[in-house]
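# Residue-level structural notes
Below are the chains, spelled out letter by letter.
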Amino acid sequence: MNNGRASTKLDTPSDSLRLTLAEARARALRANPELLASRLDTAIARGDLRQAGVLPFNPSFEILGPGAGNTTQPSVAQELELFGQRGIRVGAARYGYVRAAAGVANATRLTIGEVDRAFYRLVSATRRAQLADEVLALNQRLSAVTQRQLTEGEISRLDFNLATVELGRSRSRALDAHREQNEQEIDLARIIGVQRGAPIAPVLESSEHAIAGVSVLVDTMRLSDRALALDIDSLTALAFTRRPDLAAQTAAVSEASARVSLSRREAFPNLVVRGVWQRAVDEDKGRLSPGIGFTLPFLNRNQGEIQARRAQAAQAVLIRSVLATRIRAEVARAVSAYRSAAQEVELLESTVLAPARQNRQLLEIAYREGKVGLPVLILIRNQVSDAELEYWTAWLAEREASTQLTEVTGQDLALRNPTSRPIQLPTK
């Protein structure tokens, strides 16, 4: 099979905005408004880190007096932290920056998953709309034929009414299919930050899938065998290594622990260094008198802050534990869904799709040659159309399951990724 950049085309208007999955992803990374807003979290965290590293040199200036001889005494005082508060504060801010950066990576992960699902839904909806149009065109031709046959007395009014009913039903289905296609197009445009103008035409890469129903694999391994080779334990370990939301929560635990330590240190006494400019009444020149002191936190010993930060640290640990449990369940559920969907789409491709499409091409000829009656024609054609719709339902389920598997493991498994080289899947 060709693994290059050749594309499989859907029938689309010439003025459409043609997008591959890779191009849709790139547009979303550049223009998705939610992702752009999320990226500002790192700028915020960078500012907090910069502020945490600033030396706390903010002296206070006072003027005492007037005293004896109507003189004043200017003084300058500076409070100094003695117990490493600044270092702890910088450390907490660094963990905050790591947490923010991991949060942006997680937002990117979720955005890519959202793009993939919207893209594949639009592909499925587009193909369904095309199929509905094809069935409508067939019914319109059939209606013209039955009108002539009724006039010439070749068929009964019952058969003519049957063709008329099918024409009305096919028009209704075509309208519904195009409504769904329009909704999916709007959804994809929103996600990738494209203003609605020309219609969006999704283009499937040859390594993604072939519309004609050929194998979806980028190698010689069958889709169902590839799905069965997935090992839940290995993929779970991979998710623990790569999931940015878990990395963000781990950084949150470290940050919360640092905040606890900082709140304790801030309850310690600080050194106050003071200098007072004094001049006696009988002296022409003044002199600087140094002094030291300590803050005395008798009542406010930061009790509430310490209690709150301890609770926050305990909460962060619990959230990380819950997230780890959720990741295990998500991986197991995604693998199960992908295996089931892969087997279904492979079964439909190998046993249903080809003969159904062949029958669709032969039916109209057989009817014109009088080999099948109108009721049999409509029955078989509906079965053929239903088979095609079932296939695209299964195809979409397999694509969404693959997207979910990619998303929950935190990386692209190269099941069918046109933008990266295939990687070795973890196996037992």
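Residues numbered from 1 in each chain as written. Predicted model: local features only at pLDDT ≥ 70, side-chain atom pairs only at ≥ 80, totals over all residues. Heavy atoms only, no water.

### Concerning the overall build of the chain
Heads up, the rule is: Helix numbering and strand numbering both begin at the N terminus, where a helix is a DSSP run of H or I of at least 4 residues and a strand a DSSP run of E of at least 2. Burial classes: relative accessible area under 20% of the type maximum marks a residue as buried, over 50% as exposed, and values in between as partly exposed (1.4 Å probe, protein chains only). Using a 1.4 Å probe, accessible areas were evaluated by the Shrake-Rupley method; residue-level cover was limited to the displayed protein chains.
When helices and strands are counted, the chain shows nine helices and seven strands. Within the chain, the proportion of its 428 residues that are buried is 43%. Total accessible area on the chain stands at roughly 22900 Å², and carbon and sulfur atoms take up 55% of it.

### Quick word on the environment of Glu388
Relative to the helices and strands, Glu388 resides in helix H9 (residues 374–409). A relative accessible area of 1% means that Glu388 is categorised as buried. The sequence separation of Glu388 and Arg357 amounts to 31 residues, and the corresponding C-alpha distance is 7.9 Å.

### Describing the nonpolar core
Where a protein is soluble and globular, its nonpolar side chains tend to be buried together. Heads up, the condition is: Residues belong to a common nonpolar core when they are buried Ala, Val, Leu, Ile, Met, Phe, Trp, Tyr or Cys residues joined through side-chain atoms within 4.5 Å.
Ranked by size, the top nonpolar core spans 43 residues in total, and within it Phe119, Ile192, Tyr338 and Trp395 carry the most contacts. Of all the secondary structure elements, the ones that give two or more residues to this core are helix H1 (21–31), helix H3 (85–151), helix H4 (157–192), strand S5 (200–205), helix H5 (223–228), helix H6 (232–242), helix H8 (303–368) and H9.

### Observations concerning H3
As a reminder, the rule being used: The span you would expect from a helix comes to 1.5 Å times its residue count less one.
In a regular helix each residue adds 1.5 Å, so 67 residues correspond to 99 Å; H3 covers 97 Å between its end C-alpha atoms and thus fits that length. Just beyond H3, the residue with positive phi is Gly153, at close to 75°.

### Let's talk about the side chain of Gln149
Relative to the elements of secondary structure, Gln149 occurs in helix H3. Overall, the relative accessible area of 11% leaves Gln149 in the buried class.

### Some details on the sheet that holds strand S7 (residues 287–294)
Inclusion rule: For two strands to count as paired, DSSP must find a minimum of two bridges between them. As a rule, the C-alpha atoms of each element are fitted with a line to give its axis, helices using only the stretch in contact, and angles between N-to-C directions run from 0 to 180 degrees.
Here four strands make up an open sheet; going across it, the order is S3-S4-S6-S7 and the pairing antiparallel. Among the strands making up the open sheet, the edge pair consists of strand S3 (60–64) and S7. Direction aside, neighbouring strands of the sheet carry axes that sit 20° apart on average. Pairing between S3 and strand S4 (residues 73–80): five bridges, direction antiparallel.

### Some thoughts on the environment of Arg190
Residue placement: Arg190 occurs in helix H4. With 162 residues separating them along the chain, Arg190 and Ala28 place their C-alpha atoms 9.1 Å apart.

### So, the pairing of strand S6 (residues 271–278)
In the sheet, S4 pairs with S6 via six bridges, with the strands oriented antiparallel. Each bridged residue has a counterpart across the sheet, and for Ser75 the counterpart in S6 is Val276. Pairing of S6 with S7 involves eight bridges; the strand directions are antiparallel. Following the sheet pairing, Leu271 is matched in S7 by Phe294.

### With respect to the pattern of salt bridges
For clarity, the threshold we go by: When a carboxyl oxygen of Asp or Glu is within 4 Å of a side-chain nitrogen of Lys or Arg, the pair counts as a salt bridge.
Enumeration according to the criterion identifies 21 salt bridges in this entry. Residue Glu81 pairs with Arg89 through a salt bridge whose shortest N-O separation is 3.1 Å. Ionic pairing is found between Glu152 and Arg148, a salt bridge with its closest N-O pair at 3.4 Å. Connected through shared salt-bridge partners, Arg109, Arg243, Asp245 and Glu330 make up one network.

Shape is all these values report; function is a separate question.
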